[in-house]
Amino acid sequence: MKSKLIVGNWKMNGGLQANSDLLLAIQSGMSETSCRAAVCVPLPYLAQMQTLLQGSALAWGAQDVSAHQSGAYTGEVSASMLRDFAVRYCIVGHSERRHYHGESDALVASKVQCVLSAGITPIVCVGESQTERAAGQTEAVVKRQLAAVIHANGHCISEIVVAYEPVWAIGTGLTASPEQAQDVHALLRQQLQAASSQAERIAILYGGSMNAENASSLLAQPDVDGGLIGGAALSANDFLTIMASASR
Ligand code: PEP
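Residues numbered from 1 in each chain as written. Predicted model: local features only at pLDDT ≥ 70, side-chain atom pairs only at ≥ 80, totals over all residues. Heavy atoms only, no water.

Enquirer: Help me understand the pattern of salt bridges in this model?
Expert: If the charged atoms of two oppositely charged side chains come close together, the side chains can form a pair. Throughout the structure, instances matching the rule amount to 12 salt bridges. Arg97 is the partner of Asp64 in a salt bridge, and the nearest nitrogen-oxygen pair spans 3.3 Å. In this pair, Asp64 is assigned in the loop between strand E3 (58-62) and helix H3 (79-84) and Arg97 in helix H4 (residues 95-100), connecting sequence segments 33 residues apart. Exposure remark for Asp64: the relative accessible area of 18% places this residue in the buried category. Here Arg189 and Asp223 are joined by a salt bridge, their closest N and O atoms 3.0 Å apart. Of this pair, Arg189 sits in helix H8 (residues 178-195) while Asp223 is found in the loop between helix H9 (215-219) and strand E8 (226-229), placing the two residues 34 residues apart along the sequence. Among the residues examined, Arg189 registers a relative accessible area of 7% and is labelled buried. Each of Asp64, Arg97, Glu103 and Lys111 takes part in a single network of salt bridges with overlapping partners. (Salt bridge = Lys/Arg side-chain N within 4 Å of Asp/Glu carboxyl O. Helix = DSSP H or I, 4+ residues; strand = E, 2+ residues; numbered from the N terminus. Buried < 20%, exposed > 50% of the residue type's maximum accessible area, 1.4 Å probe, protein only.)

Structural data, given as structure tokens:
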């Protein structure tokens, strides 16, 4: 059985000193039997991660990337630039990007292509809004979002990580029940299996108010391969408790 993966999404939080304190506390609490783990940090701190985490069991990543390789795209950062900082993961299609920046399924699929070509693992986020869930559209929405990525990336699809993040659970304190999460993860697993003979390699993470209290029951579900953690990733104790739940 592959070990679970716990990824912290720091969002737009942090500072040089605060990052260093947080990483020190996380690293000193990690054991050799810990699950796989990473932190996805704001871009200006990637160099700091490279310095502080080189050789550590804690990997690092970015939270977004450009869909272009280079050129006149002021303010954007390409996947090859991320590679210069040895990032292992890049979150793509987070609901905050889809919502606040109007990212479409097609744009997310192109970003995934760029990330894969740079040899970085994309963490592709999918998830339905509260209105979509209430209208019984959860399955259609997450399948449509994932289909766009599968269609654009063909045989490379086994190199991605998927994160099921119901939008209504992100940063709200509302969490999908373990059964709700498992139901959607099983659907996503089937969709991936239909697309790739190597789908078993693909980790499907749950994200949405996962915390030290609810992590064990979510991570105990057969198709929940780990977690994408927002708020709780900013506390070393909480992040370590979630990692411990994933390491059993
Ligand atoms: C996220 O932003 O990916 C997330 C899951 O946030 P939170 O854990 O705070 O809901």
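Enquirer: Where do I start with the site of the ligand in this structure?
Expert: Inspection of the region around the ligand gives 14 residues, with Lys11, Glu165, Gly171, Ser209 and Gly230 positioned closest. One of the side-chain nitrogen or oxygen atoms of His94 is found 2.9 Å away from an oxygen atom of the ligand. Taking Gly171, its main chain carries an N or O atom lying 2.7 Å from an oxygen atom of the ligand. For the ligand, whose accessible area on its own is 290 Å², the fraction buried by protein is 95%. Taken together, the residues that form the shell around the ligand break down as four nonpolar, eight polar and two charged. (Near = heavy atom within 4 Å. Polar contact = N/O pair within 3.5 Å; in protein donor to acceptor, adjacent residues only side chain to side chain. Areas by Shrake-Rupley, 256 points an atom, 1.4 Å probe, with all protein chains shown as cover. Nonpolar A, V, L, I, M, F, W, Y, C, P; charged D, E, K, R; others polar.)

Enquirer: Could you clarify how one ought to interpret the sheet that holds strand E6 (residues 161-164) in this entry?
Expert: Two modes of strand pairing occur in sheets, parallel and antiparallel, and in both the strands are linked by backbone hydrogen bonds. Strand order in the closed barrel formed by eight strands is E1-E2-E3-E4-E5-E6-E7-E8, and the pairing between neighbours is parallel. Across the sheet, the mean angle from the axis of one strand to that of its neighbour is 25°, orientation sign disregarded. For strand E7 (residues 204-207) and E8, the ladder comprises three bridges, and the chain directions are parallel. Across the sheet, Tyr206 pairs through a bridge with Gly227, a residue of E8. Each of strand E2 (36-40) and E3 is contacted by helix H2 (residues 46-53), which is oriented at about 170° to E3, the strand it contacts most. Its contacts with the sheet place H8 against strand E5 (121-126), E6 and E7, and it is angled at close to 150° to E7. (Pairing = 2+ DSSP bridges. Axes fitted to C-alpha atoms, helices over the stretch in contact; angles between N-to-C directions. Contact = heavy atoms within 4.5 Å.)

Enquirer: Help me understand unusual backbone geometry in this model?
Expert: Where the residue is not glycine, phi is negative for most of them; where a peptide bond is considered, it is trans in most cases. In this structure, Lys11 takes a positive phi of about 50° despite not being glycine. You will see that Ser209, though not glycine, has its phi angle at about 55°, which is positive. Along the chain, Ser209 falls in the loop between E7 and H9.

Enquirer: So what exactly am I meant to see when it comes to the side chain of Glu165 here?
Expert: Within the secondary structure layout, Glu165 lies in the loop between E6 and H8. In contact with Glu165, other than residues within four places in its own chain, are His94, Cys125, Val126, Gly127, Ile170, Gly207, Gly208 and Leu228.

Enquirer: Just checking my understanding: could you explain the pairing of strand E4 (residues 89-92) for this structure?
Expert: The two faces of the sheet receive side chains in turn, since in a regular strand these alternate between them. Taking every second residue as pointing to the same face, both faces of E4 are buried, with Tyr89 and Ile91 on one and Cys90 and Val92 on the other. Note that E3 and E4 share two bridges and pair parallel. Residue pairing in the sheet places Ala62 in a bridge with Cys90 of E4. The handedness of the E3 to E4 crossover, carried by H3, is right-handed. Taken together, the four bridges between E4 and E5 define a ladder with parallel strand orientation. Looking at E5, one finds that Cys90 is bridged to Pro122. (Right-handed = clockwise from strand over helix to strand, strands pointing away.)

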